[in-house]
Structures are given as structure tokens and as C-alpha cells.
Amino acid sequence: MSMRTHTCGQIRESDVGKAVTLCGWVNSYRDHGTGLIFIDVRDRFGLTQLVFNREDAPQSLLDVADTLRNEDVLTASGTVRVRTGGPNPKLGTGKVEVVVSDLRVLNKTENPPFLPDDMGALPAEETRLRHRYIDLRRPTMQRALLTRHKVYQVTRRYFDENGFLEVETPILYKSTPEGAREFIVPSRHIPGSWYALPQSPQLFKQILMVSGIDRYMQVCRCFRDEDPRADRQSEFTQIDLEMSFVRREDVMAMMEGFARRLWGEVLGVTVPPVQRMTYRECMERYGIDRPDTRYGLEIRDVSAIAARTEFRVFRDALAKNAGAREFFSKKGVVKAIRVPGGADRLTRKITDGYSEWVRTFGAGGVPVVKVNAQGAFETGVAKFLEPVKADLAAAMGLEPGDTVLFAADTYAVATKTLGELRQKVARDLGLVPEWGKAWNFLWMIDPPMFERNKDTGKWVAMHHPFTSPREDQRDAFVAAGEDDDEAVESIVSAGYDLVVNGSEIGGGSIRIHEPAVQSKVFQLLGLSPQMAEEKFSFLLEALRFGAPPHGGIAFGLDRLVMHLCGTENIRDVIAFPKTQIGADLLTRAPGPVGDDQLREVHVKSTWQSEPPLKGVS
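Residues numbered from 1 in each chain as written. Predicted model: local features only at pLDDT ≥ 70, side-chain atom pairs only at ≥ 80, totals over all residues. Heavy atoms only, no water.

### Regarding the overall build of the protein
Turning to step 1, where the next piece is worked out: In terms of regular secondary structure, the protein is built from 20 helices and 22 strands.
Turning to step 2, where the next piece is worked out: For the C-alpha atoms alone, the extent of the protein along its principal axes is close to 95 × 75 × 55 Å.
Turning to step 3, where the next piece is worked out: Every one of the 617 residues in the protein was classed for burial, and the buried ones make up 48%.
Turning to step 4, where the next piece is worked out: Intrachain contacts of the protein at a sequence separation of at least 6 include 69% that bridge at least 24 residues.
Turning to step 5, where the next piece is worked out: If you sum the accessible surface of the protein, you get close to 30,100 Å²; carbon and sulfur atoms cover 51% of it. (Helix = DSSP H or I, 4+ residues; strand = E, 2+ residues; numbered from the N terminus. Buried < 20%, exposed > 50% of the residue type's maximum accessible area, 1.4 Å probe, protein only. Contact = heavy atoms within 4.5 Å. Areas by Shrake-Rupley, 256 points an atom, 1.4 Å probe, with all protein chains shown as cover.)

### Some thoughts on empty space enclosed by the protein
Turning to step 1, where the next piece is worked out: In this structure the tally under the stated criterion is two cavities of 30 Å³ or more.
Turning to step 2, where the next piece is worked out: In terms of lining residues, the largest cavity is bounded by Pro-447, Pro-448, Met-449, Phe-450, Ala-461, Met-462, His-463, His-464, Pro-465, Thr-467, Ser-493 and Val-521.
Turning to step 3, where the next piece is worked out: Among the residues forming the lining of the largest cavity, the class breakdown is eight nonpolar, four polar and no charged.
Turning to step 4, where the next piece is worked out: One number sums up the size of the second largest cavity: a volume of about 40 Å³. (1 Å grid on protein atoms, 1.4 Å probe; cavity = no way out; pocket = protein on both sides within 12 Å on 5 of 7 lines; lining within 4 Å. Points joined across faces, edges and corners; volume = space filled by probe spheres on them. Nonpolar A, V, L, I, M, F, W, Y, C, P; charged D, E, K, R; others polar.)

### Brief notes about helix α18 (residues 529-543)
One full turn of an α-helix is made of 3.6 residues, so residues set three or four places apart face in the same direction.
Turning to step 1, where the next piece is worked out: Spanning 15 residues, α18 covers only 15 Å between terminal C-alpha atoms, well under the ideal 21 Å at 1.5 Å per step.
Turning to step 2, where the next piece is worked out: Roughly 95° is the biggest bend found in α18, and it falls at Phe-536.
Turning to step 3, where the next piece is worked out: When we look at burial in α18, the residues that qualify are Ala-532, Phe-536, Leu-539, Leu-540, Ala-542 and Leu-543.
Turning to step 4, where the next piece is worked out: Packed against the buried residues of α18 are α5 (202-210) and α17 (515-524). (Expected span 1.5 Å × (residues − 1). Bend = angle between axes of the 7 residues up to and from the residue.)

### Structural notes on helix α6 (residues 248-267)
Turning to step 1, where the next piece is worked out: The first and last C-alpha atoms of α6 sit 28 Å apart over 20 residues, in line with the 28 Å expected at 1.5 Å per residue.
Turning to step 2, where the next piece is worked out: Just downstream of α6 lies Gly-268, where phi reads positive at about 70°.

### A closer look at the sheet that holds strand β14 (residues 368-371)
Turning to step 1, where the next piece is worked out: Read from one edge to the other, the open sheet built from five strands follows the order β12-β13-β16-β14-β15, with strand pairing classed as antiparallel. One side of each edge strand has no neighbouring strand; the edge strands of this open sheet are β12 (299-301) and β15 (377-378).
Turning to step 2, where the next piece is worked out: With eight bridges connecting them, strand β13 (residues 332-339) and strand β16 (residues 403-410) associate as antiparallel partners. For Ile-337, the partnering residue across the bridge sits in β16 and is Leu-405. (Pairing = 2+ DSSP bridges.)

### Considering the packing of helix α4 (residues 139-161) against helix α19 (residues 557-565)
Turning to step 1, where the next piece is worked out: It is the contact of α4 with α19, at a shortest axis distance of 10 Å, that shows an interaxial angle of 120°. The pairing of α4 with α19 is recorded here as oblique in orientation. Classified by chirality, the crossing of α19 by α4 is right-handed. Of the residues in α19, those touching α4 at Ala-144, Thr-147, Arg-148, Val-151 and Tyr-152 are Leu-557, Asp-558, Val-561, Leu-564 and Cys-565.
Turning to step 2, where the next piece is worked out: Residues of the contact of α4 with α19, tallied by class, amount to seven nonpolar, one polar and two charged. (Axes fitted to C-alpha atoms, helices over the stretch in contact; angles between N-to-C directions. Parallel < 35°, antiparallel > 145°, perpendicular 65-115°, else oblique. Left-handed = near helix turned anticlockwise from the far one by under 90°.)

### What to know about the side chain of Arg-511
Turning to step 1, where the next piece is worked out: Inspection of the secondary structure assignment puts Arg-511 in the loop between β21 (503-510) and α17.
Turning to step 2, where the next piece is worked out: There is a polar contact of 2.9 Å between the side chain of Arg-511 and the side chain of Ser-509. (Polar contact = N/O pair within 3.5 Å; in protein donor to acceptor, adjacent residues only side chain to side chain.)

### Topic: the pattern of salt bridges
Turning to step 1, where the next piece is worked out: Taken as a whole and judged by the stated rule, the model has 49 salt bridges.
Turning to step 2, where the next piece is worked out: Across the pair Arg-247 and Glu-471 runs a salt bridge whose closest N-O atoms are separated by 3.5 Å. With a gap of 224 residues between them, Arg-247 in the loop between β10 (235-244) and α6 and Glu-471 in the loop between β19 (459-461) and α15 (474-479) connect regions that are remote in the sequence. For the pair Arg-247 and Glu-471, a shared accessibility class is recorded, and that class is exposed.
Turning to step 3, where the next piece is worked out: The residue Glu-514 makes a salt bridge to Arg-474 at a minimum N-O spacing of 2.8 Å. Highlighted residues: Glu-514 in the loop between β21 and α17 and Arg-474 in helix α15, separated in sequence by 40 residues.
Turning to step 4, where the next piece is worked out: Residues joined by salt bridges that share partners form a network here, namely Asp-118, Arg-128, Arg-132, Asp-135, Arg-138 and Asp-572. (Salt bridge = Lys/Arg side-chain N within 4 Å of Asp/Glu carboxyl O.)

### A look at the sheet that holds strand β20 (residues 495-500)
Turning to step 1, where the next piece is worked out: If you trace the eight strands from one edge of the open sheet to the other, you get β6-β9-β10-β22-β21-β20-β17-β11, paired in mixed fashion. Edge positions in the open sheet fall to β6 (165-166) and β11 (275-278), since each of these has one partner strand only.
Turning to step 2, where the next piece is worked out: Alignment of β10 against strand β22 (residues 550-556), held across seven bridges, turns out to be antiparallel. By the bridge assignment for β22, Ser-244 is matched with His-550.
Turning to step 3, where the next piece is worked out: Where α4 meets the sheet, it contacts β6, β9 (215-223) and β10, and its direction lies at approximately 150° from that of β9.
Turning to step 4, where the next piece is worked out: Across the face of the sheet, α6 comes into contact with β9, β10, β11, β17 (441-445), β20, β21 and β22 while running at roughly 160° to β17.

### Re the environment of His-189
Turning to step 1, where the next piece is worked out: Looking at the element boundaries, His-189 is found in the loop between β7 (184-186) and β8 (194-196).
Turning to step 2, where the next piece is worked out: With relative accessibility at 64%, the residue His-189 sits in the exposed group.
Turning to step 3, where the next piece is worked out: Taking the C-alpha atoms as reference, His-189 lies 40 Å from Phe-245; in sequence the two are 56 residues apart.
Turning to step 4, where the next piece is worked out: At a separation of 3.3 Å, a polar atom in the side chain of His-189 contacts the side chain of Arg-188.

### Examining the packing of aromatic side chains
Turning to step 1, where the next piece is worked out: Applying the stated criterion across every chain, the model contains 18 aromatic pairs.
Turning to step 2, where the next piece is worked out: Judged by centre distance (4.9 Å) and plane angle (45°), the rings of Phe-159 and Phe-258 are tilted. Residue Phe-159 is located in helix α4, and its partner Phe-258 is located in helix α6; the two are separated by 99 residues in the primary sequence.
Turning to step 3, where the next piece is worked out: Ring centres of Phe-311 and Phe-314 lie 4.8 Å apart, and the angle between their planes is 80°; on these two criteria the pair is classed as edge-to-face. Note on accessibility: Phe-311 and Phe-314 belong to one class, buried.
Turning to step 4, where the next piece is worked out: Taking the ring centre of Trp-357 as reference, the NZ or CZ of Lys-424 above it sits at 5.4 Å.
Turning to step 5, where the next piece is worked out: Across the ring face of Trp-459, the terminal group of Arg-452 is positioned such that the distance to the ring centre comes to 4.0 Å. (Phe/Tyr/Trp six-rings, centres within 6.5 Å; stacked < 30°, edge-to-face > 60°. Lys NZ or Arg CZ within 6 Å of the ring centre and 35° of its normal.)

Now the structure itself:
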């Protein structure tokens, strides 16, 4: 039998006169000296006001009430009445209160390090994570976990309705080169051998397609031994999906329907048909493959105009064009963004700061020109641009009061620089809409299959090595030689990412189902046939036994919930997150283990002392 008859958010006017019992935490205690004591009791469903009358309540009851402090745990029984002093419109229970006849303290609390409310400034995140059980009592955190729960339920309902089977895949896995650093686990039974925690269930879900499952779904835990950041954790949750006998359009239509269902049921938002944009167009217009299209500041290539100036920065960049092909990353270019009204808002101090900031991306600086009220160019580079003023104004759509920010370097550096700079400018000038004001969804399609690793010079898979070339490029891919940079770089994959407001929420592709194509990918990635067999023998063998055409996608559940809750920190939507160094401040993990445990798994540590567990950096 339950200890309570109602939750603290349940009682309404229709309950007036009823006897009820509530359980929860003391949210506040108020004694105004009028003979009445008011206590707000809270659980995850809401808050109810309790009332004690000093004139007619038993002294034993008042003695208990007078000992209550915030965060004590209690159970209270009494009668519901209309709230004295008028209703509180901020509460669902704001028209009623409970006159207490029986009160028991279930547990006293020590003085908490902070109170779990959303009033005023929050304590330091390190304090919140160290005492997460208190932080999770805050209404904001309770709403985040409720939203997360709704996402789970909508996900399972939608994909069940569309014929997907939920299948669990292993957590202890084989180490495979999928791009990110892995967490590894030693084997006790097989000395010298190791498991890896899965970066994703990619290979298993492909095996399931070969097995005839046809449509697979899983809400799964994944692990990447990478530095956490605001929108990424090393341990995360993924909505993982795969479909057989499909083309790219089939997968995208199914997943677009999922996004529409999710935003509709959780936020009441209608998602219109999702715009599509190729990877190349994303990079040319926005400098990034996950563009935020809620504001302008689009990038323009003004290389042809810049080539007619005597500005040395432009000419030196364009001199890199000797022998470079059109989209080759080392080609020299001059690109620019127009900032409407920037002449007044972007001061010299701000633009000088931008020049320093972009050095992070390998750029030498940000040349700037302003258009004054009379339409004349101003700033240091204005004199160099005078001969091409009319053409530049026409190409950029310039008006009096605008500012133009330039990047002159290789294609890769200039594109990256302006892609990041346009986002910073948008934030600095308040051009990014508030949360919930706009939801711009976008499919990024046709990304390259490969790119050169800037450190090793070797080919690496843009997405992962199991992504298929686009259907019309299969033959060209099979024919491409390993040293034919132009042919390999030009191959477009059958990949797709779903982006919302500049954040990738899902990424996938049509997979390789032909052994010859998969072997060619491994060859280009520098894996010998022997190495490929050692790492992926089970996949290659499965492909030889009748693999259907298949494709899928994975959504980052944590990132989805971030958007649905309107927070920019992924730790705000995870019950027990890690810090920026991967530490769990609540349980003090990671921690040392004894030598006897290490011997059992045939491992010896080379670390000479116990590492300190630091907080959030």
C-alpha cells in the first residue's frame, strides 16, 4: 500500500474537503507570526502548501512542524481546503492547501551545500556534480529528465509502428579502427587480449541486416575515449537504426517523419518538409557541413575580384593556385561575408579581436572594409579595393553601413575560418534567435567519401569505412587508383546528416553491401587484405553470404534532448554526466584498483602514483 494518496502536484479544487496524505521534501518554511505556519512540500510532480494553525493544532504536531528545515523528508495527512490569502497562479495546486492533522518526519537532512531551486545564480558546476542527488531535485533538471523520458517513449512507439525490431547488441566488443579512440577492457580468460567498448553498434546492425532482421532499432550506450565538451560526452546514448532493401530517399523519409513526430509530441512544433543541401553547397555558403540557416552572413567567393587588386594578402593567397584543382583543399582563395549594419556595430577593437581569434584555425587575420553612409570604403584595405569597388559591392550586395570580413588562404583554411567567424559574429550581434523561436531543419547530403589526413597524408573515411559511394558513382569508385587524388577526392558518398539550428542531431548513410566495394575501401585506407581480414573478417564473410542493400542512421539522444530543453550544455540533460576530463565527481570515478585485480586480468600499471581527481575545468 502506498504511503501517499496523492502526489504534490495532483490536488485541485475538486479535492476540497477530502482527506489526503502527501510525501515529499520541505521546499520552504514560513511562519509570519499570524498564528499560521506554511510549509511547501515538493516531489517531482509539483508542490503543495501545508498549513498549521497554532491556535487549534495539537502542541505535539506544532513541535514537529517547528523542527522542519528545507530538504527534510516528510509525510503529512490532512484535509484539502481553498487556499487562504488568494490563489497562486504559478502553481497547478495554487488554489488549494492542506490543513495538516498528522505529520511525520521520515528523514532529517544535514545542512545542504545548496538548495535545489532555480532562483538566482546556480552554484559552481563542480559542486552540483559532486552533490548530483540534490541538483537533480531542481525543477529544471526534473523537467530535463522528463523530456528525456518522453523522447524514449516517442522513439519506441514511432519505430514500432513502422516495423522496426528492438535488438540489443554487445557492449564488450572487438577493437576496430572506426576513427575515434576506444575504451579497452582486458580479458581475464584470454591473457593478453582485450575487448573494446563500442563506439557504435555499426557492424552488428549491418550483420543484423544480413541476418534478415530487415528493420532494426536500439537505444544504446556508446563510448569514445575523447575529450568531453559542451555538446559531447565520452559515454553517450544513441538512437541506432538500420533498414534493408532501401535507397537513401527511403531512410531519409522515415527519419524525417521521426523528427516531425518528436518535435510535435514533445514541443507541439510542426516541422515543415526538410530542406536539402549538398555538402559542397554547405561549405561554399556557410563554411561548415552543419550550417545554422536561421540567419544570413553567407560566404561569398570573391577570388576573381580579389585577383585584380594589389593587396598582398590576397595575392599571396591566390598564388597558391598553381596546379591546384577547383575544390582541392590547398587551392588559394579569397572569401568574404557581409555583415549588414556592421560599420557601426563592429568596432576596430572587435575586428582586431577577430583577427587574433581566427589564428586558432590557421588564418593569418581578418582583413576588414567598411561602407560608410555615403557608400565609400573605409579602413586600411579600402585603398586596395577601390579599383574593384563596384564589382565587390555588386557581388556582396553591399549597402551603406555594411562591413565586409575577408579570409584569404587555402580553400580549407579560408572556409573553416569564415564558417566559424560567421557563427561568432551572429552571437556577438544577437542575430541567433532565442530558443524555440525558429527550428530550421536541414539534410546535408552527398559528403565526400574520403579526405586526406592533414598529419599523415593518408586517406581517411569522412564518415566511416562502411559508407557506400552514391549509387551513380560506384563504378568510378571501383576504378579509382589509390594515388589518383582527383578521382578519389571527387567520389561522393551516399551519406546524409540531419541538422537543426546548426547542430548535427543524426548522421547516417547507405552501407556497402558488396564485398568488392568494401575491400576497395579498406585498400584506400591503407589496410592490406591480411589486416582487413584480421579486423573485419566477420563482416567481410557476412557480405559474401547474401547481404541485402541497406542503410541507416544514428541520432544522438543526449543532443536531441538538449535541443528540446533549450540548453547548450549536454550535462544538463544527463542524470550522471562526466566532467570535461571524464571524471564522475559523485562516485569519484575513475579511481585506482588493487594489484590483485590487475593480476587477474594480466595487466600491470606503469603509473607510479595515484592521480588526483580534478573537478570541472
